Amino acid sequence: MISIQNLVKRYYGETVLNIPALEISKGECFGLVGNNGAGKTTLFRLILDLIRSTSGTVTLFGRAVHQTEDWKTQVGSYLDEHMLLPFLTPDEYFDMLREVYQVSPKAAEDRLRQFDPLFNDEIRFKKKYIRSLSKGNRKKTGIAAAFLSEPDLIILDEPFENLDPTSQNRLKKLITTENKNQETTFLISSHDLVHVTDICSRIVLLEKGTVVQDLSGKKEEMATQLNQYFDR
């Protein structure tokens, strides 16, 4: 589904990402971890064609992301608050995206109803602008928007940040349920090793823009290896 070849990103002559090859298969729940500045968000932005690589290619669904926009209808993502429209209410924002992705009102409502436990009656039907929501509720709005069109690929950058413990657990259940039949591929970055190892079947560790570990297998073993690395 995702193929990365000789991907390099430099800023002002400094290499911030250098991945010779990385393949992510359909249905994987793929975790990306690393310290600040490791290149996690840069990689996601390159995959989404929000920035251009210095060299190399990212291919989604067999198409280079910089050569076509056809893949965009198959991808949902939430990286940060800049992806929201702060002058809309969450309901207006969801309705706008529903029209963009050509999702029927009923299908959109059914989809959003799955988020009721996460929303905790704090987001929908409140006539409150997104800019007035708490950081956690803005994040919930963006995450729900990424799921709205039932995309083949969902990319979430630090989805657990600013969420209370109950919301974090509810989000993990939503992701696990969505990934259960391995029809939806997830790319998730996080500083929280516990959450990542709980939900991801594969975890890549980035350090200074390069892949230093590519882990899969038993969750306990992945957690042990990650903790050993960060405890150095």
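Look up a bit, the structure's there.
Below is a summary of the structure that appears in this document. (Residues numbered from 1 in each chain as written. Predicted model: local features only at pLDDT ≥ 70, side-chain atom pairs only at ≥ 80, totals over all residues. Heavy atoms only, no water.)

Brief notes about the overall build of the protein chain
For step 1, the next point in the chain: Across its full length, the protein chain carries 8 helices and 10 strands.
For step 2, the next point in the chain: Against the 2.2 N^0.38 benchmark of 17 Å for 232 residues, the protein chain shows a C-alpha radius of gyration of 18 Å, consistent with a compact globule.
For step 3, the next point in the chain: Across its three principal directions, the C-alpha atoms of the protein chain cover 45 × 40 × 35 Å.
For step 4, the next point in the chain: Burial statistics for the protein chain: of 232 residues in total, 50% are counted as buried.
For step 5, the next point in the chain: Across the protein chain, every contact between residues at least 6 apart in sequence was considered, and the portion connecting residues at least 24 apart equals 65%.
For step 6, the next point in the chain: Carbon and sulfur atoms make up 46% of the accessible area of the protein chain, which amounts to about 11,600 Å² in all.
For step 7, the next point in the chain: Counting 30 positive and 32 negative side-chain charges, the protein chain places the averaged centre of each group 2 Å from the other. (Helix = DSSP H or I, 4+ residues; strand = E, 2+ residues; numbered from the N terminus. Rg over C-alpha atoms; globule rule 2.2 N^0.38 Å. Buried < 20%, exposed > 50% of the residue type's maximum accessible area, 1.4 Å probe, protein only. Contact = heavy atoms within 4.5 Å. Areas by Shrake-Rupley, 256 points an atom, 1.4 Å probe, with all protein chains shown as cover. Lys, Arg positive; Asp, Glu negative; His and termini not counted. Charge placed at Lys NZ, Arg CZ, Asp CG, Glu CD.)

Considerations on the pairing of strand β2 (residues 14-24)
For step 1, the next point in the chain: In this structure, strand β1 (residues 2-11) lies alongside β2, joined through 9 bridges in antiparallel fashion. Pairing of Tyr11 across the sheet is with Glu14, part of β2.
For step 2, the next point in the chain: Counting the residues between successive antiparallel strands, the hairpin from β1 to β2 contains 2 residues, one of them, Tyr12, with a positive phi of roughly 50°. (Pairing = 2+ DSSP bridges.)

Details of the nonpolar core
The nonpolar side chains of a soluble globular protein tend to be buried with one another.
For step 1, the next point in the chain: Tyr93, Phe115, Phe147, Leu156 and Ile175 are the most contacted members of the largest nonpolar core, which totals 41 residues.
For step 2, the next point in the chain: In terms of residue count, the dominant contributor to this core is helix α5 (residues 135-147) (5 residues).
For step 3, the next point in the chain: Ranked by size, the runner-up nonpolar core spans 27 residues in total, among them Leu17, Leu43, Leu79 and Ile155. (Core = buried A, V, L, I, M, F, W, Y, C linked by side-chain atoms within 4.5 Å.)

Quick look at α5
For step 1, the next point in the chain: In this model α5 runs 19 Å from its N-terminal to its C-terminal C-alpha over 13 residues, within 8% of the 18 Å that 1.5 Å per residue would give.
For step 2, the next point in the chain: Of all 13 residues that make up α5, 12 are buried, and the element is covered over most of its length. (Expected span 1.5 Å × (residues − 1).)

Remarks on unusual backbone geometry
For step 1, the next point in the chain: Not every positive phi belongs to a glycine, and Phe125 is a case in point at roughly 60°.
For step 2, the next point in the chain: Relative to the elements of secondary structure, Phe125 occurs in the loop between α4 (116-119) and α5.
For step 3, the next point in the chain: In this structure, Glu158 takes a positive phi of about 50° despite not being glycine.
For step 4, the next point in the chain: Positionally, Glu158 belongs in the loop between β7 (153-157) and α6 (165-179).
For step 5, the next point in the chain: According to the relative accessible area criterion, Glu158 is buried, its value standing at 12%.

As for the side chain of Asn179
For step 1, the next point in the chain: Positionally, Asn179 belongs in helix α6.
For step 2, the next point in the chain: Residue Asn179 is classed as buried on the basis of its relative accessible area of 13%.
For step 3, the next point in the chain: Ignoring anything within four residues of it in the chain, the contact list for Asn179 reads Gly27, Glu28, Cys29, Thr184 and Phe186.

Comments concerning the sheet that holds strand β8 (residues 185-189)
For step 1, the next point in the chain: Judged by pairing direction, the sheet is mixed, and its 6 strands sit side by side in the order β6-β7-β8-β3-β9-β10 without closing on themselves. The sheet terminates laterally at β6 (75-78) and β10 (210-216), the two strands that pair on one side only. On average, each strand axis in the sheet is inclined to that of its neighbour by 15°, with strand direction left out of account.
For step 2, the next point in the chain: Pairing between β6 and β7: 4 bridges, direction parallel. Each residue of the ladder has a partner; that of Ser77, found in β7, is Ile155.
For step 3, the next point in the chain: Running over the sheet, α6 touches β3 (29-33), β7 and β8 and is turned about 150° from β8. (Axes fitted to C-alpha atoms, helices over the stretch in contact; angles between N-to-C directions.)

What about the packing of α5 against α6?
For step 1, the next point in the chain: Relative to each other, α5 and α6 sit at 5°, their axes nearing to 13 Å. Comparing their axes, α6 and α5 come out roughly parallel. Counting all contacts with α5, which are made through Lys140, Ile143 and Phe147, the residues of α6 involved are Ser167, Leu171, Leu174, Ile175 and Glu178. (Parallel < 35°, antiparallel > 145°, perpendicular 65-115°, else oblique.)

Looking at helix α2 (residues 90-100)
For step 1, the next point in the chain: Within α2 the residues assigned to the buried category are Pro90, Tyr93, Phe94, Leu97 and Arg98. The arc that holds every buried residue of α2, seen down its axis, measures 140°, which confines them to one face.
For step 2, the next point in the chain: In this fold, the buried residues of α2 make contact with α3 (105-113), α4 and α5.
For step 3, the next point in the chain: One or two positions beyond α2, positive phi appears at Gln102, with a value near 55°. (Arc of directions from axis to C-beta.)

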